[in-house]
Protein chains: 2
Amino acid sequence: MNNLFCIIMAGGVGSRFWPYSTNQCPKQFLDFFGTGRSLLQSTVERMEAVIPSENIYVVTNKSYREQIEQQCPQLAQDHILLEPMRRNTAPCIAYAVYKIKKRCEDAQIIVVPSDHLITNERVFLNIVREGMNFVSENDAILTLGIKPSRPETGYGYIQLGPGNTLTRKVKTFTEKPNKELAQVFVDSGEFFWNAGIFLFSIKTIVAAFQEHLPEIATKFEQLTPVFETPQESEKLNEVYATCQNISIDYGVMEKAQNVFVRMADFGWSDLGTWRSYYELAPKDKQQNAAIGGQTMLYESQKNIVVIPKDNIAVISGLEGYLVAQRGNTLLICPKDEESKLRQFVNDIAELPEGDKFL
Amino acid sequence: MNNLFCIIMAGGVGSRFWPYSTNQCPKQFLDFFGTGRSLLQSTVERMEAVIPSENIYVVTNKSYREQIEQQCPQLAQDHILLEPMRRNTAPCIAYAVYKIKKRCEDAQIIVVPSDHLITNERVFLNIVREGMNFVSENDAILTLGIKPSRPETGYGYIQLGPGNTLTRKVKTFTEKPNKELAQVFVDSGEFFWNAGIFLFSIKTIVAAFQEHLPEIATKFEQLTPVFETPQESEKLNEVYATCQNISIDYGVMEKAQNVFVRMADFGWSDLGTWRSYYELAPKDKQQNAAIGGQTMLYESQKNIVVIPKDNIAVISGLEGYLVAQRGNTLLICPKDEESKLRQFVNDIAELPEGDKFL
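All values derive from a computational prediction rather than experimental measurement.

**Observations concerning the overall build of chain A**
Across its full length, chain A carries 11 helices and 15 strands. Here chain A has a C-alpha radius of gyration of 21 Å; the compact-globule value for 358 residues is 21 Å, and the two agree. Dimensions of chain A along its principal axes, counting C-alpha atoms only, are 60 × 50 × 35 Å. When each of the 358 residues of chain A is scored for burial, the buried share is 57%. For chain A, the proportion of contacts with a sequence separation of at least 24, taken over those separated by at least 6, is 66%. Carbon and sulfur atoms make up 47% of the accessible area of chain A, which amounts to about 15,300 Å² in all. Charge-centre separation for chain A: the mean point of 36 positive side chains lies 2 Å from the mean point of 43 negative side chains.

Here's what the structure looks like:
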């Protein structure tokens with residue numbers, strides 16, 4: 001049996017792309033680039049080049065089960081792990097890790113987000129293969145560090161330890177620095193973007209949970225006997241309800257002494273914001289990016305227009321706006337004001353029946 | 001039997017309000033002001049205060065039959081007169097006039113558009129009652145002239161003849177003057193807007209058709225025997241196909257010597273443009289006018305937003321735009337550029353399957 005496994009994290013709610021993504025249909029389920037496959041489907045396909053389908057697990061919120069079953073029919077139903085509630089990434093990864101441990105004590109595992117973009121798949125896959133070897137031979141947690149192309153303030157940064165190899169020990173993690181600090185990081189050549197991709201062996205990660213998040217480790221060890229039994233879902237509910245809400249970065253990566261980073265450059269974006277989408281999207285001569293239906297632009301520049309597939313938009317005399325329409329919801333705002341999206345979404349939530357627009 | 005009749009002209013295609021109005025659903029069928037009734041329904045209700053329902057006729061294109069039957073169930077089916085093709089207002093009015101003539105040789109008739117706004121109904125109805133008396137006692141075609149409130153270049157103007165009564169002979173008709181001329185007209189106090197409302201007796205209008213549009217008169221005289229028979233529709237097809245495409249204004253009003261105008265001021269708009277709508281619509285403190293669903297505006301001024309009833313729009317940082325959404329179509333353009341609407345609609349018509357958006 002192949003002992004390479006993959007955990008795809010697909011529980012995100014994607015409010016930053018509202019109304020294109022909604023609670024009902026977050027970013028990972030959308031065909032962002034008109035390729036005919038969602039970001040999740042692209043992720044699964046990409047991983048299948050290295051990991052056999054039967055070793056791929058998707059962890060998501062229970063409300064997305066049907067969408068995942070529909071989009072990924074090649075995945076066994078019991079490999080779609082359903083979180084009963086949101087508890088950040090540490091419990092989510094622990095759940096998947098202990099599930100895999102019960103099947104294969106000496107697995108090597110890669111954890112990947114379901115909603116990122118990778119444009120150079122060949123380079124990525126070579127690094128994954130190499131990294132899987134690395135974690136099978138070393139008691140190490142391996143992260144991938146992306147060579148930064150700009151002083152992005154929305155990402156986490158990983159500082160390299162000393163040495164001259166492509167894989168080195170991590171010195172520090174820094175979450176979302178301000179603009180000045182980000183510029184210092186980029187200029188130094190010592191800091192890389194944290195892509196949220198982790199590789200480890202079962203032994204290493206279980207030891208790390210036991211050391212740094214012992215409560216979570218104990219809960220899932222105790223839960224292990226009911227895995228694959230009719231009680232699993234009910235018992236998981238109880239465990240999750242009492243789990244600490246904590247990220248794997250804060251709970252494990254920033255504390256463990258055996259965390260390594262592999263420098264990489266494979267055309268990566270976390271697609272975290274409309275701006276990051278805009279930078280990657282194909283644009284017309286006037287620097288407009290349009291997704292979905294037919295958009296007709298007159299004397300308009302630097303806009304992002306997202307409309308449903310069978311729709312038409314006529315836009316005249318508009319510059320630098322985001323126009324996004326989905327279902328019965330329309331958003332028009334300057335595209336450098338997307339940080340206000342959260343306010344809009346909150347204001348809508350307070351309307352009578354506001355939920356139906358989110 | 002009551003010999004007061006009404007002809008409501010409801011064949012307009014309303015492309016000037018695209019995409020809020022479309023070929024499939026032009027302006028007269030829309031609830032423009034959120035009153036719970038379309039402009040056509042408001043027109044019928046208004047006329048029913050003076051004219052019995054069974055004496056009201058609607059002339060429209062055959063493609064709108066179902067919408068009229070649905071919106072005006074009180075109208076007898078054979079009072080919805082269906083034009084087989086567009087031939088401007090003279091043939092349309094001739095058809096309705098000869099239909100009424102067959103029923104009532106000494107009818108007095110008022111012709112009204114179906115898609116205008118009248119805000120002071122009481123004043124309007126008093127003028128209609130008085131006008132019906134006037135045309136029953138005089139061999140006269142009576143038009144209503146609206147006291148102009150601005151040098152509007154989109155309207156036709158009627159020049160008063162000499163005298164000091166509220167109803168006078170018409171001296172001239174002038175279609176859509178330029179801005180300078182319109183200003184001279186308004187300043188003179190002698191020129192009134194042509195509201196497109198006409199009153200006449202059967203005898204007077206038939207004589208006018210015979211004198212000024214004898215071909216049309218002859219065609220409908222010959223058609224009269226098949227009215228209310230199974231042949232009507234087929235024969236009407238033939239007659240219409242050969243009819244001159246001419247307006248009642250150009251074909252009759254500007255030529256006849258017995259045209260009178262009644263000065264009036266009852267809060268009238270032809271709702272011919274988004275601008276005219278904007279001037280009348282209720283606006284928020286930031287001078288935004290919104291129709292339809294829920295519109296949430298942030299730092300936005302002087303916009304018109306028209307979205308479907310169950311929709312939501314979030315608009316931020318926008319000033320002076322028209323945002324109109326209907327079905328699968330969205331328009332965003334500066335509201336003083338609405339004259340470009342025709343170009344947009346033409347461009348869309350040239351798209352493969354462009355028709356479905358119009």
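**A word on the pairing of strand E9 (residues 191-201) of chain A**
Residue and element names in this part refer to chain A. Along E9, 11 of the 11 residues are buried, which leaves the element largely enclosed by surrounding structure. Here strand E4 (residues 108-113) runs beside E9; their pairing, made up of four bridges, is antiparallel. Bridging from a neighbouring strand, Ile109 pairs with Phe200 of E9. Note that strand E6 (residues 141-146) and E9 share four bridges and pair antiparallel. Each residue of the ladder has a partner; that of Gly145, found in E9, is Asn194. Sheet topology note: the strand E7 (residues 157-160)/E9 ladder contains three bridges and is antiparallel. Bridge pairing in E9 links Ile158 to Phe192.

**Focus on the environment of Thr229 of chain A**
Residues and elements named next belong to chain A. With respect to the secondary-structure elements, Thr229 resides in the loop between helix H7 (214-223) and helix H8 (232-242). The class of Thr229 is partly exposed, set by a relative accessible area of 26%. A distance of 2.6 Å separates a polar atom in the side chain of Thr229 from the backbone oxygen of Val226.

**What about the pairing of strand E14 (residues 321-326) of chain A?**
All names here are of chain A. Within E14, five of the six residues are buried, leaving the element largely enclosed by the surrounding structure. For E14 and strand E15 (residues 329-334), the ladder comprises six bridges, and the chain directions are antiparallel. Across the sheet, residue Ala324 finds its bridge partner in E15, namely Leu331. Hairpin connection from E14 to E15: two residues lie between these consecutive antiparallel strands, with Gly327 at a positive phi of about 50°.

**Notes on the packing of aromatic side chains**
Residues and elements named next belong to chain A. As enumerated under the stated definition, the model contains 36 aromatic pairs over all chains in all. Aromatic pair Trp274 and Tyr277: ring centres 6.0 Å apart, planes at 85°, arrangement edge-to-face. Of this pair, Trp274 and Tyr277 both sit in helix H10 (residues 274-280), three residues apart, roughly one helical turn. In this structure, Trp274 and Tyr277 share a single accessibility class: buried. Put simply, the rings of Tyr95, Tyr98, Phe220, Phe227 and Tyr240 touch in pairs and so form one group of aromatic residues. One cation-aromatic arrangement involves Lys99 over Phe227; the distance from NZ or CZ to the ring centre is 5.1 Å. Lying over the aromatic face of Tyr278, Lys283 brings its terminal NZ or CZ to 4.7 Å of the ring centre.

**Quick word on the interface of chain B and chain A**
Opposite the 33 residues of chain B that make contact, chain A presents 33 residues. Between chain B and chain A, roughly 2,700 Å² of surface is buried when both sides are summed, and carbon and sulfur atoms account for 60% of that area. Taken together, chain B and chain A are joined by two salt bridges. A salt bridge links Lys340 of chain B to Glu299 of chain A; the nearest nitrogen and oxygen atoms lie 3.4 Å apart. Along the contact surface separating chain B from chain A lie 20 residue pairs in polar contact (both at pLDDT 80 or more). Secondary-structure elements contributing two or more residues to the side of chain B that touches chain A are strand E12 (289-298), strand E13 (304-316), strand E14 (321-326), strand E15 (329-334) and helix H11 (341-349) of chain B. A per-element tally of the side of chain B that touches chain A places E13 of chain B first, with seven residues. For the side of chain B that touches chain A, a count of residues per class yields 19 nonpolar, nine polar and five charged. In this structure, strand E13 (residues 304-316) of chain A lies alongside E15 of chain B, joined through four bridges in parallel fashion.

**Here we look at the confidence of the model for chain A**
Per-residue pLDDT for chain A averages 93, and the proportion of residues at 70 or more is 99%. Across the whole predicted complex the pTM is 0.79, and at the interface the ipTM reaches 0.77.

**Digging into the packing of helix H6 (residues 202-212) of chain B against helix H7 (residues 214-223) of chain B**
Residues and elements named next belong to chain B. Two numbers describe how H6 lies on H7: the axes approach to 5 Å, and their chain directions differ by 125°. Taken together, H6 and H7 sit at an angle that is classed as oblique. The segment H6 lies against H7, with Phe209, Gln210, Glu211 and His212 engaging Pro214, Ile216, Ala217 and Glu221. Here the residues of the contact of H6 with H7 are counted per class, giving four nonpolar, two polar and two charged.

**Considerations on the relation of the copies chain B and chain A**
What relates the pair of chain copies is a rotation about an axis plus a shift along that axis. Least-squares fitting of chain B to chain A yields an RMSD of 0.1 Å, with the superposition described by an axial translation of 0.2 Å and a rotation of 180°. Classification of the inter-copy transformation places it as that of a two-fold axis. Residue by residue, 100% of the interface of chain B is reproduced at the interface of chain A, so both copies engage with the same surface.

**Side note on the packing of helix H3 (residues 89-103) of chain B against helix H8 (residues 232-242) of chain B**
Residues and elements named next belong to chain B. Orientation of H3 relative to H8, taken along the N-to-C sense of each, is 145°, at an axis distance of 12 Å. In terms of crossing hand, the pair formed by H3 and H8 is right-handed. Contact residues: H3 offers Pro91, Cys92, Tyr95 and Lys99, while H8 offers Glu232, Leu236 and Tyr240. In terms of residue class, the contact of H3 with H8 is made up of five nonpolar, no polar and two charged.

**Some points on the pattern of salt bridges**
Residue and element names in this part refer to chain A. Across all of its chains, the model carries 24 salt bridges over all chains by this definition. Across the pair Lys27 and Asp115 runs a salt bridge whose closest N-O atoms are separated by 3.4 Å. Of this pair, Lys27 sits in the loop between strand E1 (4-9) and helix H1 (39-48) while Asp115 sits in the loop between E4 and strand E5 (117-118), placing them 88 residues apart in sequence. Here Lys27 matches Asp115 in class, with each residue buried. A salt bridge links Lys101 to Glu105, with the shortest nitrogen-to-oxygen separation between them at 3.8 Å. Residue class for Lys101 comes out partly exposed when judged on its relative accessible area of 23%. Among the charged side chains, a network of salt bridges with common partners joins Lys99, Glu228 and Glu232.

Cut-offs used in this document
Residues numbered from 1 in each chain as written. Chains lettered and ligands numbered in written order. Predicted model: local features only at pLDDT ≥ 70, side-chain atom pairs only at ≥ 80, totals over all residues. Heavy atoms only, no water. Helix = DSSP H or I, 4+ residues; strand = E, 2+ residues; numbered from the N terminus. Rg over C-alpha atoms; globule rule 2.2 N^0.38 Å. Buried < 20%, exposed > 50% of the residue type's maximum accessible area, 1.4 Å probe, protein only. Contact = heavy atoms within 4.5 Å. Areas by Shrake-Rupley, 256 points an atom, 1.4 Å probe, with all protein chains shown as cover. Lys, Arg positive; Asp, Glu negative; His and termini not counted. Charge placed at Lys NZ, Arg CZ, Asp CG, Glu CD. Pairing = 2+ DSSP bridges. Polar contact = N/O pair within 3.5 Å; in protein donor to acceptor, adjacent residues only side chain to side chain. Phe/Tyr/Trp six-rings, centres within 6.5 Å; stacked < 30°, edge-to-face > 60°. Lys NZ or Arg CZ within 6 Å of the ring centre and 35° of its normal. Buried area = accessible area lost by both parts, 1.4 Å probe. Salt bridge = Lys/Arg side-chain N within 4 Å of Asp/Glu carboxyl O. Nonpolar A, V, L, I, M, F, W, Y, C, P; charged D, E, K, R; others polar. pLDDT = per-residue confidence, 0-100. Axes fitted to C-alpha atoms, helices over the stretch in contact; angles between N-to-C directions. Parallel < 35°, antiparallel > 145°, perpendicular 65-115°, else oblique. Least-squares fit on C-alpha atoms with pLDDT ≥ 70 in both. Left-handed = near helix turned anticlockwise from the far one by under 90°.

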